[in-house]
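Reading the structure
Here is what each chain is made of, one letter per residue.
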Amino acid sequence: MLLLRLLMPLSLCFVAGVARAECSLGRIDALPERALVHLPAAHVGESMPLVILLHGSTGTGAEMLRDSHLADTADRHGFVVVAPDGGIAAARGFVWNIPGVPTVTGTMPPKDARDDVAYLTGLADRLVATGCVDGRRVYVTGLSGGGRMASWLGCVVARRFAAIAPVVGLRAGRPLTSDRTQADPATCRPKVPLPLLAFAGDADTTNPITGGGAPYWQYAQATALQRWAVLNGCSEPYARNLNATVYEQGYARCPDGATVATRVTRGGQHSWSVVDNEVMWAFLSRHRR
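A brief structural summary.

Conventions and cut-offs
- Residues numbered from 1 in each chain as written.
- Predicted model: local features only at pLDDT ≥ 70, side-chain atom pairs only at ≥ 80, totals over all residues.
- Heavy atoms only, no water.
- Helix = DSSP H or I, 4+ residues; strand = E, 2+ residues; numbered from the N terminus.
- Rg over C-alpha atoms; globule rule 2.2 N^0.38 Å.
- Buried < 20%, exposed > 50% of the residue type's maximum accessible area, 1.4 Å probe, protein only.
- Contact = heavy atoms within 4.5 Å.
- Areas by Shrake-Rupley, 256 points an atom, 1.4 Å probe, with all protein chains shown as cover.
- Salt bridge = Lys/Arg side-chain N within 4 Å of Asp/Glu carboxyl O.
- Phe/Tyr/Trp six-rings, centres within 6.5 Å; stacked < 30°, edge-to-face > 60°.
- Lys NZ or Arg CZ within 6 Å of the ring centre and 35° of its normal.
- Disulfide = S-S within 2.5 Å.

Secondary structure summary: the protein contains eight helices and 13 strands in total. Relative to its length of 289 residues, the protein is compact, with a C-alpha radius of gyration of 20 Å against a globular reference of 19 Å. Along the first, second and third principal axes, the C-alpha atoms of the protein reach 70 × 45 × 40 Å. Out of the 289 residues in the protein, the part that is buried amounts to 53%. Long-range pairs, those at least 24 residues apart, make up 69% of the contacts in the protein between residues at least 6 apart in sequence. Within the structure as shown, the protein displays about 13,100 Å² of accessible surface, and the carbon and sulfur contribution to it stands at 56%.

What follows is the structure, encoded as structure tokens:
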């Protein structure tokens, strides 16, 4: 009986080891999104972090992967990038389905549109199942409409991601119907704290950091930051200049290190140019779910 008790834990360890399958390129090849998956050049067959990269409205995953240069960052640091397409065709590309929020076309997502929350979390799960991705180190970033989608994922499925980094698109739920300069707290209720680092430019006229703009935008970036600080239990606001062109605003003293911050480029426009990929990865890589 004693021998059996000793063997059982050992056998469980063996089973657990088998369950953590070694990364197989063949399993990646079998995914429909294979053309948009970038494996780092120094891939060693072990599970790696994953960054889900979301394109802007009317763009495509392929364009976002090219323009962000995040594949180069992945090669240097050893993480996987996947850049899918949004679920709603629009103009020359796609837009993301955020329920109750009009797209850049000015219309609400069609009722039969793909559920992009389910799609993106399912995509992450499929990549984890290949053995190539570490399920505790899944992150999401995105540009403009992709930044709004990354924010929405943080609002509704925070448990799936270790951290998020919206770019020129930070939100904290839909605008309040009675006062569109405020975020509606009922539309962003993550079940766990979620570390967040956003990037923006103060000369962005598409998604102005001071608010206004299109109907889907309206409230200021500072309002979104403050709401995320409340959600993450942060208690210490701060602001600091990082260099002559970039300043950071945020909140510290957050439980479990779930800090909330945005880096703003003076004169920065509505593009990925406001992002320092090395800074983004340094932030994301500090967190695990």
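Below, the discussion takes up unusual backbone geometry. For Q218, which is not glycine, the phi dihedral falls at a positive 70°. One can find Q218 in the loop between β10 (196-201) and α7 (221-232). Although it is not a glycine, D256 adopts a positive phi angle of roughly 60°.

Attention shifts here to the pattern of salt bridges. All chains considered together, the criterion is met by ten salt bridges. Between R92 and E63 there is a salt bridge, and its shortest N-O distance comes to 2.8 Å. Here the residue R92 occupies a position in the loop between β4 (88-90) and β5 (93-95), and E63 occupies one in helix α3 (residues 61-68), the gap between them amounting to 29 residues. Using a relative accessible area of 59% as the deciding quantity, one classes R92 as exposed. Taking the relative accessible area as the measure of exposure, E63 reaches 24% and is therefore partly exposed. Between R114 and D116 there is a salt bridge whose closest N-O contact spans 2.6 Å. For D116, a relative accessible area of 0% corresponds to the buried category. Among the ionic contacts, a cluster of salt bridges with common partners joins R240, E248 and R263.

Bringing the packing of aromatic side chains into the picture now. By the definition in use, this model includes two aromatic pairs. With a centroid separation of 5.8 Å and 85° between ring planes, the pair formed by Y139 and W281 is classed as edge-to-face. Of this pair, Y139 sits in strand β6 (residues 133-143) while W281 sits in helix α8 (residues 277-285), and the two are 142 residues apart along the sequence. Each member of the pair, Y139 together with W281, is buried. One aromatic cluster in this structure is built from F79, Y139 and W281. Between the NZ or CZ atom of R171 and the centre of the ring of W217, over which it lies, the distance is 3.4 Å.

What follows is about the state of the cysteines. Under the definition given, this model contains three disulfides. Put simply, C234 and C254 are joined by a disulfide, and their sulfur atoms are 2.0 Å apart. Across the disulfide from C234 to C254, rotation about the S-S bond amounts to roughly 110°, and the bridge is consequently right-handed. One end of the pair, C234, is in the loop between α7 and β11 (236-241); the other, C254, is in the loop between β12 (246-252) and β13 (260-265), and 20 residues separate them in sequence.

Turning to the environment of M48, a few remarks are in order. Inspection of the secondary structure assignment puts M48 in strand β2 (residues 48-54). Judged by its relative accessible area of 6%, M48 is buried. Once the C-alpha coordinates of M48 and V133 are considered, the two residues, 85 residues apart in sequence, prove to be 4.7 Å apart. When residues no more than four places from it in sequence are discounted, the contact partners of M48 are C23, L39, P40, H43, G78, F79, V80, C132, V133, D134 and R137.

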